[in-house]
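Coordinate analysis (summary)
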Amino acid sequence: MKHVTGDLEKTKDALKKLLPAEDILTFGFAAQRIGFVCVFADPITDKDLLGEQVIRALLSYDGPPSAAEIAKRLTSPETKIEPALENLAAEVLAGNPVLLFEGMDAGIVVGTKKVFTRAIAEPSTDVAVKGPREGFIEDVKTNTSLVRRRFKTGELRIETVEIGRRSKTNVAICWLEGTTPAATVEEVKKKLSEIDIDIIPDSSYLTHFLSTRPYSLVKQVGTTEKPDIFAAKIAEGRLGLLVDGSPIALTLPYMLIEDFQSSEDYFVPPYRASFTRILRLLALVVAIYLPAFYVSAQLYKLQLFPVKLLLTIAGSIRDIPFSPSLEMLLVLFVLEVLNEASIRMPKYVGMALSVVGALVLGETAVSAGFVSTPAIIIIAFSGIGLYAVPNLIEQTSVLRLAMLLIAGSIGPYGVILATAFLLVYLVTTVNFGVPLVAPFAPFARRELKDSLVKFNLGSLKIRPNVLKSPNKRRLK
Amino acid sequence: MKISTRQVLFFLACVAPVGKLILLPARLAEAAGNDLLFPFAMHYLLQAGAVFCALLLAKRGMNFSELLANTFGKIAAKVFMNIYALFLFFAALLPLLEQKLLVQSVFYDTLPSLVSFSPFFLFAAFIASKPLASSGQVCDLLAPIAIAGLAGIFILSAGSADLAALSPAFASGAKGILTAFRNGFGWFYDAAFILPFLGTFDYKKHLALKGTLCYLAGGAAVILFAGIFYGIFQETATNQLFAFTATSKFFSGISTLGRIDYLFIFLLSLVMAFYCALPLQAGVECLLQAYGRRRYLPTIFSVAVCAALLVVSQCTDYRFTEVLGAVGKQLFWIFPLFSVLVPALMLLLRRKRREIP
Amino acid sequence: MKFRKFLHTLPMKIYLILAAIVVFAFFSNDFGLVDIQKTAIILAAGIDKTENGFSVTAQIAVPKGSDRTTGGTSSVEIEAEGETVSDCISLIFAKTGWVPKLVFCDLIVIGEAAAKGEDIISHLNYFLRNDYMPDSCLLAVCEGKAGELISSASAIDDASSLAIEKLFSDAAQKSGMVAVSTLKDFAIGYYGVSESGFLPYIRMTEQQGGQSAGGDSESGGGSGANGGEESQKVYSAEETALFKKGKMVALLSREETFAFSLLRGKVFSGTLNATDGEKAVTLTVVRNKGGVALKMNNAPTAELSLSLTLRLCCRGVSASISDIASDSVSPEILGNVKQLLTEHVEKLWTTAKDAGCDLFMLQRTLYRRSLKEYAKWKDALLPAVRPLPKIELKSMK
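From N to C terminus, chain B includes 16 helices and 0 strands. What you see for chain B is a C-alpha radius of gyration of 20 Å, in line with the 21 Å of a compact globule of 357 residues. Principal-axis analysis of the C-alpha atoms gives chain B an extent of 65 × 45 × 35 Å. Counting all 357 residues of chain B, 59% fall into the buried class.

The following block contains the structure:
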């Protein structure tokens, strides 16, 4: 690793060689006796602050050319003396200007990074009617501050690591010392240190490296955009990861039941919370299985319909040119396209899309005899059901399609067997020593108190055993 | 990974009974008529004893083949493990065939082709290639599913049953009861499942007693169901091949809501799929204990066994009655031999671990 | 090394192959399955005896299409003759090209001649053997030919079977006007020790002042179909056919059927007519307990016990509002009702006994109670039993 030499020009050239990009600028100025060069990344450096805290402070400097002395004169609270050229280059790329001067064998890094942030707002994917509304943003520092605000204790540890050969993305590992198992912290740190990738644009990149089964259909890392949920999970004994540039925080270990819990459940009476959790599960089951069973019933087992309904359905599909399975697939395809388009489409076109989706595709397709009304109702209901658990949409929509394909090709028994496969798959997925479907398998009676049924806060005295927290008691 | 004792108990109380709800009630009613509860009870008592013995063996902290090798040596143990695996594959045949019939008759209005049931073999191969602990974990989920399914069927069926039809006791005489008892052996070998699982769970406080009681509790549910079944169909019970799918359709709400009972039938069928795959997994485990647990061996064994059973199930497609007759009349003794006698005799094996050359 | 790599990637390859098979099967969708569009949903079947075998008339539901604006069920009736019932069903398939599905068949009607001629299990065994046939299906006998009944145009509903099924509803059973039996109930009686059973007996009459049938009920292409317009029919099932060893042996009148329903304890809102002096009164059965107890003390006796709570619901004379408000069933009316019911019960007993039908399942009762006693009495029981009606009436209000 090359180091800074006493020759200012040589050092400047060496640094420029490492940072040949056009937006890396150098600025030279002289104090009373010493010549300075400041190297900085133009777009991400706060030049006002640089002028105020560095240049103005040094213009009148007439002391010795000592890094320690010069650093003392700077009015910036964040300064660091760094001799290695590569590290200095990295700091420049991070937005921190580097100050070089004649006769000095180290550069001074000044923390005048320009941070572009948006305001803290309520996340659109995790809305709560009752409860805190703030959400994470893309700046990791702001995000850590949101977490820190909730833990006024030294036990909250936030350790930042850099991941990504080129992006050098800051990842903040947050945990509660004495509550999060040390083994989990170590394992996460180890896994993170093993990541050798060029850039980490978003936290979702990390999930791949943190999962036991990277190709798994099911989620293995928890996600949230809300600091209150993040803090609650850490308080339960989990570990959290905040990734610079991503508003989505990761929590580990993950249990499937987490996505059936909403922050609001803790702010409403427990019976209401239990009701909505069960409702979410039922909605999800219906969303996955309803199209499959509708197709199975039509193709293989008419008895699943009451006779009157059967005759209505038979009447509706009489002139449809497709088989029941193909018809359902077609409607599902349209729904997925509409869904995808409506998410990414500019808002001003949204209304037009609704009209096209609902009227043109829905009403007209039925009138034209392309698809039947029951098929549209089934898919619409399934579509709504899927959004009852928004964090699992990616997984459940794939499952719904898989179940539909199986129902259309093998029939109801195929769906049952696919469910059996899924059960085995779920119960055998373990991440960081925690089974995915805990507390149901392995069954833990005590921990059911905050699962599908939510008990009163007063009865949730112990942290989930399955998380193996050394600090078991939550409520005294 | 170990299986917890709770999972063993869940299996005995909730999963094992489900395998007795398809053809068995009609089969026992055929010979015993309204006395069908007696052969059921006799089988359950016999198996409960065997389950007790099998669970007691867990106290020794050795697996099945280690227990055998500890007394008879490695070669004898290996031979016996092969024989036991063969028994388990043979025992798997009957539930598998009845499941196939059930699927073809109950899940499909018109007789479908090979496509409908063959995926089961894929599933069975998948399960059989997994470590035993995975089955233990699944039992945690299967237990509430089985309970919900059974409770649903009970609730929908109970109102239609005339339990007086179960009297008079001993109407079919000792001969009828004993014939039914003999015919039912093919369905009772639950203790045989436990032996390959030895070593994967620890013996905790009174496990043998708790396990036996759980098994008997499951048996009580089956006997109650059999009573309801006979109470509903009485003299025509013999004709009702798929018992658990037949009893609930007389519920008055069915005419307006449609066949809501299918929800419970599906739940129980899900549990049955596991129950049918379990002897295959246990058999593969026996082979693994005999030949060692090399990396791809579980997959190779399970795929081979399931492929063989797929062929057998296709060959016996229209010969189920003959298979039933052969199992009930000629080969019935195999089941108590391996599932009752073996666990009981194994209690006599050397208790202390010795160095095996 | 290569083999190891192959084994390592094998699961993924297997998953891909399986997915390909599933997708192929999904899109080809043609491996012998019979979906909803290729199916004849049989709502009801009428069975008659012919010289060479059987004649089955199936009422098949016809979907109305997506543009339908009115509710209801259209149907078409197809008749086929064959040597067995199964043969007839196959012929229906041949005639229509639709695969007949019995899973929704809720009514089987047997023609009177067929019911009297021979053991009707020969007609029904196809349904008992068929795994797809619900044994909760209603069973009935009809006057004349079952095919004609099924093919008739109902004044009540789009399909005759739906109109007939209304006669067998829970509400109708509670009125005591009809004694309903299902395929399962009949089979249990037939195969039980009593070898007896009963089925409702349906009569078809022309609707007075009714319009000609057109509507949704299409006339089928079978030989039993009546082309063109046809008068609308109404149905009644207040009589009950008694069976012994599968043969129809007697017919219970309306009153006897009502008495039978009362003895079964199934009546909760039925009405019965009596007299108060010269004038007619109608009473509602508010509560009904009934039962037949077999006693084997000295000689076998059947205690036919009836306990009714009655309420006066109509008098054939005008009355003041205070009379209406305070009117109750007088002891005199109760006496008349008791006498009337005793007559009906005795008549019911005699009809069943004379026909040899063990309507009250006394043999079964004895069998269940004591095998020894049963062995002793067996076939001699029915002629030997003496009826002992015990009727207890209470007035409400």
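Next up on the list: the packing of helix H11 (residues 324-344) of chain A against helix H13 (residues 373-386) of chain A. Residues and elements named next belong to chain A. Running from N to C, H11 and H13 point in directions that differ by 45 degrees, and their axes come no closer than 10 Å. In terms of axis orientation, H11 runs oblique to H13. In this structure, H11 crosses over H13, and the sense of that crossing is right-handed. Contacts from Glu-327, Met-328, Val-331, Leu-332 and Leu-335 in H11 reach Ala-375, Ile-376, Ile-379 and Gly-383 in H13. Residues of the contact of H11 with H13, tallied by class, amount to 7 nonpolar, 1 polar and 1 charged.

The next thing to look at is the interface of chain B and chain A. Between chain B and chain A, the residue contacts involve 29 residues of the former and 26 residues of the latter. Looking at the side of chain B that touches chain A, the elements with two or more residues in it are helix H5 (74-107), helix H6 (119-128), helix H7 (132-158) and helix H13 (261-291) of chain B. Counting residues per element, the side of chain B that touches chain A draws most heavily on H13(B), which supplies 6 residues. Class assignment for the residues of the side of chain B that touches chain A results in 18 nonpolar, 6 polar and 5 charged.

The subject of this paragraph is helix H4 (residues 64-72) of chain B. Residue and element names in this part refer to chain B. Those residues of H4 lying buried are Phe-64, Ser-65, Leu-67, Leu-68, Ala-69 and Asn-70. Elements in contact with the buried residues of H4: H5, helix H9 (190-197), H13 and helix H16 (334-346). Of the residues flanking the end of H4, it is Gly-73, one or two places downstream, whose phi is positive at about 95 degrees.

All names here are of chain A. Pairing is antiparallel across the open sheet formed by 5 strands, whose spatial order is E1-E2-E4-E5-E3. Edge positions in the open sheet fall to strand E1 (24-30) and strand E3 (79-82), since each of these has one partner strand only. Looking at each pair of strands side by side, their axes are set apart by 25 degrees on average, direction ignored.

The peptide bond linking Leu252(A) to Pro253(A) adopts the cis configuration, its omega dihedral lying at -10 degrees. Counting through the fold element by element, Pro253(A) comes out in the loop between strand E10 (249-252) and helix H9 (270-299). A cis geometry characterises the amide bond from Ala441(A) onward to Pro442(A), with omega recorded as 0 degrees. Locating Pro442(A) in the fold gives a position in the segment after strand E12 (434-435). Notably, Met361(C) is not glycine yet its phi reads approximately 55 degrees, a positive angle.

How each quantity is defined
Residues numbered from 1 in each chain as written. Chains lettered and ligands numbered in written order. Predicted model: local features only at pLDDT ≥ 70, side-chain atom pairs only at ≥ 80, totals over all residues. Helix = DSSP H or I, 4+ residues; strand = E, 2+ residues; numbered from the N terminus. Rg over C-alpha atoms; globule rule 2.2 N^0.38 Å. Buried ≥ 20, exposed ≤ 12 C-beta atoms within 10 Å, placed from the backbone. Axes fitted to C-alpha atoms, helices over the stretch in contact; angles between N-to-C directions. Parallel < 35°, antiparallel > 145°, perpendicular 65-115°, else oblique. Left-handed = near helix turned anticlockwise from the far one by under 90°. Contact = placed C-beta atoms within 7 Å. Nonpolar A, V, L, I, M, F, W, Y, C, P; charged D, E, K, R; others polar. Pairing = 2+ DSSP bridges.

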